[in-house]
Amino acid sequence: MNKNLLYRSIPKVDTLLADKRIQSLIHDYGREIVMDLIREELEDLRESINTSEHEDIVRKRIEDIIDNIELRLRKLHTPNVRKVINGSGTILHTNLGRAPISRIQAEKLVDIVTGYSNLEYDLDAGKRGERYSHFEKLLCRITGAEAAMVVNNNASAVMLILNTMAKDGEVIVSRGELVEIGGKFRIPDVMEQSNAKLVEVGTTNKTHISDYESAITENTKALLKVHTSNYRIVGFTESVSSEELKPVAEAHDLPVIEDLGSGSLIDLSKYGISHEPTVQDTVRAGVDVVCFSGDKLLGGPQAGIIIGRKKYIDAMKKNQLTRALRVDKFTVTALELVLMEYLSEEKAMKNIPVLRMINESQDSVRKRAAELSRLITETCPEISCETVDCESQIGGGSLPLERIKSAAVSLEAGNHSADFIEKRMRMAPVPIIPRTSEEHILLDVRTIPSEEFPLVAETLKDIYQ
Ligand SMILES: *Cc1c(COP(=O)(O)O)cnc(C)c1O
């Protein structure tokens, strides 16, 4: 390869700038950004000559230089965060944004965030208000707690609670509850960050009430329970419930704190899911401060909800950390809208997408799977697919053993490999995230709303044809 010749065939910046198409790109996108991208493209070209890429590849790149600059511009102007179709059947998929918000809630949200709002303005008094006021009463009514506040996520809620209630003191926690949640959230590390000293008691599989009792010293500030939401220890086990812990704490004038993780506000055992203590149960058991996520079983925006005794919540509101962890208007607005649904359990089950997905019967999913399968075949007869039974998962570190009987559309890869199809699905304009099993690609229909069916069919058509 004659490198010098190739270098010389790269157009000059001035030549490019004089080109009509570049002129029109400058008109549409602005001069500076187009100049930047021309420079980047030229640099990359020189680099590829330097590293001796195949000559014809380099020549083609030089030939297509304007197309490539335009492509760079388009890419830069396409948001990277995009809608995806969740065919994995995992309802709370942390990598896919956890809980979806309903369209009705989202439309109300748009109205609030595109203008000004009374986020921190008390309309009755005509003066500064509190951003927590919008949902504090609601949260108290729904959970039975005295007071409530909200921070960015549950990890920050745990940190704020410990920093407020146990700074420079000791917090007792069972060895069976020193959990790591996805994304490097480890209870021992969070405690260190909050300047509370962790005192571990019991063993991995067994912790007795006497373990807590004998660990209490004058430095003890609180007893902490952590819901082991993402794993189960089975077999020879024993743990102490918050209810049992409460009298011990009271005798020593100590508060009980519980990190519930998913924090369901509805007893899902009524809907065929294994029983988990609800937030209300925990408050009723006398736990002084409870925290849980806004975007797990609650089905709302990312948030860390803290409820409990007023004196502790008031102290947290005054903590300097709160300012750093505060929620924005998107969260405040979405959370109030979602919480309002909980005023009626029936409404919540119907209007909150996460709960609706958990509660959909297998028969109903099967019917919808058949509908999707039919639509796919109609749109693209080359695709061979059928409906099969499968199992969905709740996900998000909630109820790890729970499987919900579901149904899927199973796609055959045809002339391609399942890997190839899966990759093309991920690269589609609206990516589809399936569940792959050997030579079949499964789309669990529980997590695909019927409104998305036409989009799924069209996307598959583009891939298979
Ligand atoms: C999920 C979870 C967290 C972290 O909650 P985020 O809202 O994701 O920050 C903390 N503790 C427990 C027990 C959890 O299950």
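The sections below set out a description of the structure shown in this document. All of these numbers come straight from a predicted model, not from anything done at the bench.

**Description of the environment of F185**
Working step 1: The residue F185 is located in strand β8 (residues 185–186) in this model.
Working step 2: Judged by its relative accessible area of 11%, F185 falls in the buried class.
Working step 3: Sequence spacing of F185 and E341 is 156 residues, and the spatial spacing of their C-alpha atoms is 30 Å.
Working step 4: Excluding its chain neighbours within four sequence positions, the residues that come into contact with F185 are A155, V158, V179, E180, V190 and D259.

**A few points about the pattern of salt bridges**
Any two side chains of opposite charge can pair, on the condition that their charged atoms come close.
Working step 1: For the structure shown, the criterion picks out 31 salt bridges.
Working step 2: A salt bridge links R309 to E146; its shortest N-O distance comes to 3.6 Å. On the criterion of sequence distance, the pair formed by R309 in the loop between β13 (304–308) and α14 (310–318) and E146 in the loop between α8 (133–143) and β5 (147–151) is long-range, its members being 163 residues apart.
Working step 3: The class of R309 is partly exposed, set by a relative accessible area of 31%.
Working step 4: Across the pair E360 and R368 runs a salt bridge, and its minimum N-O distance is 2.8 Å.
Working step 5: Residue R368 is classed as buried on the basis of its relative accessible area of 12%.

**What about the nonpolar core?**
Working step 1: I306, M316 and Y342 are the most contacted members of the largest nonpolar core, which has 86 residues in total.
Working step 2: Counting residues per element, this core draws most heavily on helix α9 (residues 154–166), at 7 residues.
Working step 3: When residues no more than four places from it in sequence are discounted, the contact partners of I306 are A147, A148, M149, V151, A157, L160, I161, V289, V290, C291, I313 and M316.
Working step 4: Judged by nonpolar contacts, the second largest core, of 27 residues, contains I376, A413, I441 and V456.

**Quick look at helix α20 (residues 418–427)**
Working step 1: All of the buried residues along α20 are A418, I421, E422 and M425. Each buried residue of α20 sits inside an arc of 100° when the element is viewed along its axis, so together they form one side. Projecting away from the buried face of α20 at angles above 90 degrees are the exposed residues D419 and M427.

**Details of helix α7 (residues 103–113)**
Working step 1: All of the buried residues in α7 are Q105, L109 and V113. Projection of α7 onto a plane perpendicular to its axis shows the buried side chains occupying an angular sector of 60°, all on one side. Looking at α7, the residues exposed on the side facing more than 90 degrees away from the buried face are R103, I104, E107 and D111.
Working step 2: Each element contacted by the buried residues of α7 is listed here: α16 (329–341) and α17 (345–351).

**Concerning the pairing of strand β6 (residues 170–174)**
Working step 1: Counting buried residues in β6 gives 5 out of 5 residues, a clear majority hidden from the surface.
Working step 2: In β6, alternate side chains face the same way, and those of E170, I172 and S174 on one face and V171 and V173 on the other are all buried.
Working step 3: Note: β6 against strand β9 (residues 197–201), 5 bridges, orientation parallel. What sits directly across from S174, in β9, is V201.

**Examining the packing of helix α3 (residues 20–29) against helix α6 (residues 65–76)**
Working step 1: Running from N to C, α3 and α6 cross one another at 10°; their axes reach a closest spacing of 10 Å. Classified by the interaxial angle, the pair formed by α3 and α6 is roughly parallel. Contacts between α3 and α6 pair R21, I22, L25 and Y29 from the former with I66, D67, I69, E70, L73 and R74 from the latter.

**Digging into the environment of T237**
Working step 1: Along the polypeptide, T237 turns up in the loop between β10 (220–226) and α12 (242–251).
Working step 2: In this structure T237 comes out as partly exposed when scored by relative accessible area, which is 34%.
Working step 3: Sequence-wise, T237 and R426 are 189 residues apart; in three dimensions their C-alpha atoms are separated by 43 Å.
Working step 4: With residues near it in sequence (within four places) discarded, T237 still touches N205 and K206.

**Remarks on the sheet that holds β5**
Working step 1: The 7 strands are arranged β5-β13-β12-β11-β10-β6-β9 in an open sheet whose pairing can be described as mixed. Of all strands in the sheet, those with a lone pairing partner are β5 and β9, marking the two edges. Across the sheet, the axes of successive neighbouring strands diverge by a mean angle of 25°, strand direction being ignored.
Working step 2: Contacting β5 and β13, α8 crosses the sheet at an angle of about 120° to β5.
Working step 3: Here α9 sits on the sheet and contacts β5, β6, β10, β11 (256–261), β12 (289–293) and β13; the angle it forms with β12, its principal contact strand, is near 160°.

**Overview of the packing of α3 against helix α4 (residues 31–50)**
Working step 1: Viewed as axis vectors pointing N to C, α3 and α4 meet at an angle of 130°, and their least axial separation amounts to 7 Å. Considering the angle they form, α3 stands oblique to α4. Between α3, through I22, L25, I26 and Y29, and α4, the contact on the second element is made entirely by R31, I33, V34 and I38.
Working step 2: Of the residues in the contact of α3 with α4, the class split is 7 nonpolar, no polar and 1 charged.

**Here's the deal with the side chain of S194**
Working step 1: Here S194 lies in the loop between α10 (187–193) and β9.
Working step 2: Relative accessible area serves as the criterion here: at 0%, S194 is assigned to the buried category.
Working step 3: Not counting the four nearest positions on each side in its chain, S194 is found in contact with M159, L162, N163 and K167.

**Observations regarding unusual backbone geometry**
Working step 1: Notably, D168 is not glycine yet its phi reads approximately 60°, a positive angle.
Working step 2: Note on placement: D168 falls in the loop between α9 and β6.
Working step 3: Even without being glycine, D253 reaches a positive phi, approximately 60°.
Working step 4: Among the secondary structure elements, D253 is positioned in the loop between α12 and β11.

Calculation notes
Residues numbered from 1 in each chain as written. Predicted model: local features only at pLDDT ≥ 70, side-chain atom pairs only at ≥ 80, totals over all residues. Heavy atoms only, no water. Helix = DSSP H or I, 4+ residues; strand = E, 2+ residues; numbered from the N terminus. Buried < 20%, exposed > 50% of the residue type's maximum accessible area, 1.4 Å probe, protein only. Contact = heavy atoms within 4.5 Å. Salt bridge = Lys/Arg side-chain N within 4 Å of Asp/Glu carboxyl O. Core = buried A, V, L, I, M, F, W, Y, C linked by side-chain atoms within 4.5 Å. Arc of directions from axis to C-beta. Pairing = 2+ DSSP bridges. Axes fitted to C-alpha atoms, helices over the stretch in contact; angles between N-to-C directions. Parallel < 35°, antiparallel > 145°, perpendicular 65-115°, else oblique. Nonpolar A, V, L, I, M, F, W, Y, C, P; charged D, E, K, R; others polar.

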